[in-house]
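Take a look at the letters that make up each chain.
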Amino acid sequence: MFATSMYPTERMIVEIVATILCLILVKFMIKPYKLTREGTLLGLPLGFAFLGISYALAAISYSPLGFPQEFIWLPFLTRSFAFVFLATTYLFSNRKSKNGQLLGELTISLLVIGLAILLLIAFVAPEFAFNGYSNANVYLRFVNLICLSYIAIYTLRSHVRNPDPTTIWIPFGFIFLAISQYSLLFWYIDSSFSAFIGSLVTRFVGLAIFLFVSYRTFYRSDEKKGLK
Amino acid sequence: MKKIPRRDKLKIYGDLLSVLKSEGNEGERVILTRVQVQINVPFDRLKNYITELRELDLIEDETLNLTKKGKQYIMEYEKVIEFMKRMGLTY
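Conventions adopted
Residues numbered from 1 in each chain as written. Chains lettered and ligands numbered in written order. Predicted model: local features only at pLDDT ≥ 70, side-chain atom pairs only at ≥ 80, totals over all residues. Heavy atoms only, no water. Helix = DSSP H or I, 4+ residues; strand = E, 2+ residues; numbered from the N terminus. Buried < 20%, exposed > 50% of the residue type's maximum accessible area, 1.4 Å probe, protein only. Contact = heavy atoms within 4.5 Å. Areas by Shrake-Rupley, 256 points an atom, 1.4 Å probe, with all protein chains shown as cover. Expected span 1.5 Å × (residues − 1). Phe/Tyr/Trp six-rings, centres within 6.5 Å; stacked < 30°, edge-to-face > 60°. Lys NZ or Arg CZ within 6 Å of the ring centre and 35° of its normal. 1 Å grid on protein atoms, 1.4 Å probe; cavity = no way out; pocket = protein on both sides within 12 Å on 5 of 7 lines; lining within 4 Å. Points joined across faces, edges and corners; volume = space filled by probe spheres on them. Nonpolar A, V, L, I, M, F, W, Y, C, P; charged D, E, K, R; others polar. Salt bridge = Lys/Arg side-chain N within 4 Å of Asp/Glu carboxyl O.

**Q** Report on the overall build of chain B, specifying residues and quantitative values.
**A** Helix and strand content of chain B: four helices and zero strands. The order of α-helices and β-strands along chain B, N terminus first, is α-α-α-α. Residues counted as buried form 43% of the 91 residues belonging to chain B. Contacts in chain B between residues at least 24 apart in sequence constitute 55% of all its contacts with a sequence separation of at least 6. Summed over all atoms, the accessible surface of chain B reaches about 5,500 Å², with 52% contributed by carbon and sulfur.

**Q** How would you explain helix H3 (residues 43-62) of chain A if you had to name every residue and give the values?
**A** Two residues of an α-helix separated by three or four positions point the same way, owing to the 3.6 residues in each turn. The terminal C-alpha atoms of H3 of chain A, which comprises 20 residues, lie 28 Å apart, in line with the 28 Å expected from a rise of 1.5 Å per residue. Burial of H3 of chain A is extensive: 14 of the 20 residues sit out of reach of the surface.

**Q** Please give an account of the environment of Glu-52 of chain B that cites residues and values.
**A** Residue and element names in this part refer to chain B. Mapping Glu-52 onto the fold places it in helix H3 (residues 43-55). Separated by 39 residues in sequence, Glu-52 and Tyr-13 place their C-alpha atoms 9.3 Å apart. Beyond its immediate chain neighbours, meaning those up to four positions away, Glu-52 contacts Lys-9 and Tyr-13.

**Q** An account of the packing of aromatic side chains is requested, with residue identities and associated values reported.
**A** Residue and element names in this part refer to chain A. A full pass over the atoms with the stated rule returns 16 aromatic pairs over all chains. With centroids separated by 5.3 Å and ring planes inclined at 75 degrees, the aromatic side chains of Phe-48 and Phe-210 adopt a geometry described as edge-to-face. Of this pair, Phe-48 sits in helix H3 while Phe-210 sits in helix H8 (residues 193-227), and the two are 162 residues apart along the sequence. Here Lys-27 stacks its cationic end above the ring of Phe-28, 5.4 Å away from the centre of that ring. Above the plane of the ring of Phe-218 lies Lys-31, whose end atom (NZ or CZ) is 4.9 Å from the centre.

**Q** Pulling in residues and values, what's your account of empty space enclosed by the protein?
**A** To find leftover empty space, one rolls a probe the size of a water molecule over the atoms. Residue and element names in this part refer to chain A. This model, assessed by the stated rule, comprises one cavity of 30 Å³ or more. Size it by volume and the largest cavity reaches roughly 40 Å³. In terms of lining residues, the largest cavity is bounded by Phe-76, Arg-79, Ser-80, Asn-137, Leu-140, Arg-141, Asn-144 and Gln-181. Sorting the residues of the lining of the largest cavity by element identifies helix H4 (74-93) and helix H6 (126-161) as the ones contributing at least two each. The element best represented in the lining of the largest cavity is H6, accounting for four residues. Looking at the lining of the largest cavity residue by residue, the classes come out as two nonpolar, four polar and two charged.

**Q** With reference to specific residues and values, describe the pattern of salt bridges.
**A** Scanning all chains against the criterion turns up eight salt bridges over all chains. Salt-bridge contacts for Arg-86 of chain B lead to Glu-82 of chain B; the nearest nitrogen and oxygen are separated by 3.0 Å. Pair noted here: Arg-86 of chain B and Glu-82 of chain B are both in helix H4 (residues 68-86), with a separation of four residues, about one helical turn. Judged by its relative accessible area of 13%, Arg-86 of chain B is buried. Here Glu-82 of chain B falls in the partly exposed class, since its relative accessible area comes to 24%. Salt bridges linked by common partners bring Asp-164 of chain A together with Glu-82, Lys-85 and Arg-86 of chain B together as one network.

So this is what it looks like as structure tokens:
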């Protein structure tokens, strides 16, 4: 894997920028939960928070500080949990019955417990975790791809049901993130440098779309009102 | 018959404040029956919601126009609902 050791400073900077973008997005994504207090909507800020954590961990791994070999899988695991949290939010968002909401909140809670257990195993028995989780790396990328494809299809269908020029952006955001994961899968299999660069570019395009939509919703509307 | 989706109290509050905002005129009392038609809840329950909104200091006692706090709340509420719509989420 030549690309893992290439341009560590540049890659660290790329990961830091992605972390900052995710942190800004968390600030926006938590607003629906703060207003409604619906547990299932917590998956949205949790998803972007974990995505940010995974990029931050990746940045540390490229930094001079380095990363212990036993914990090299940590960014992949947190990234997969991020996409699972996001998919769970969409899966339960249209279940308005009390049972549906309860099931959604239960799923989010179980995911948090699951992640805590996995991390506990990793810290108690790092060698066991290293072997198990490193092998799971490629499967985790498939999980990411499935979660992102599901969200992209869900948001596209939602847009088709109620066509509105403002709702077309988000499906594209998720599609770009899915392409990014797909390219990473290629890079993992055949070490293609163009696939690796493509994954970084599409990741940033995806995150930029989310940021653009959030900014337009929360700030542009204020500016427009100010002009009136 | 068209199925009306279930609304929780917060959604009803939000919808009610939006209707009060559109129906309200400075100094003039809002006509409750017109609000009831738009909000689609029984009149006795609407009166309970109005009382609760008054207690929360979101609407004025006499005219039922939105207070400054009410206007701030509805602005934030509408933004979040718009954001959720853009994110492809239903509420």
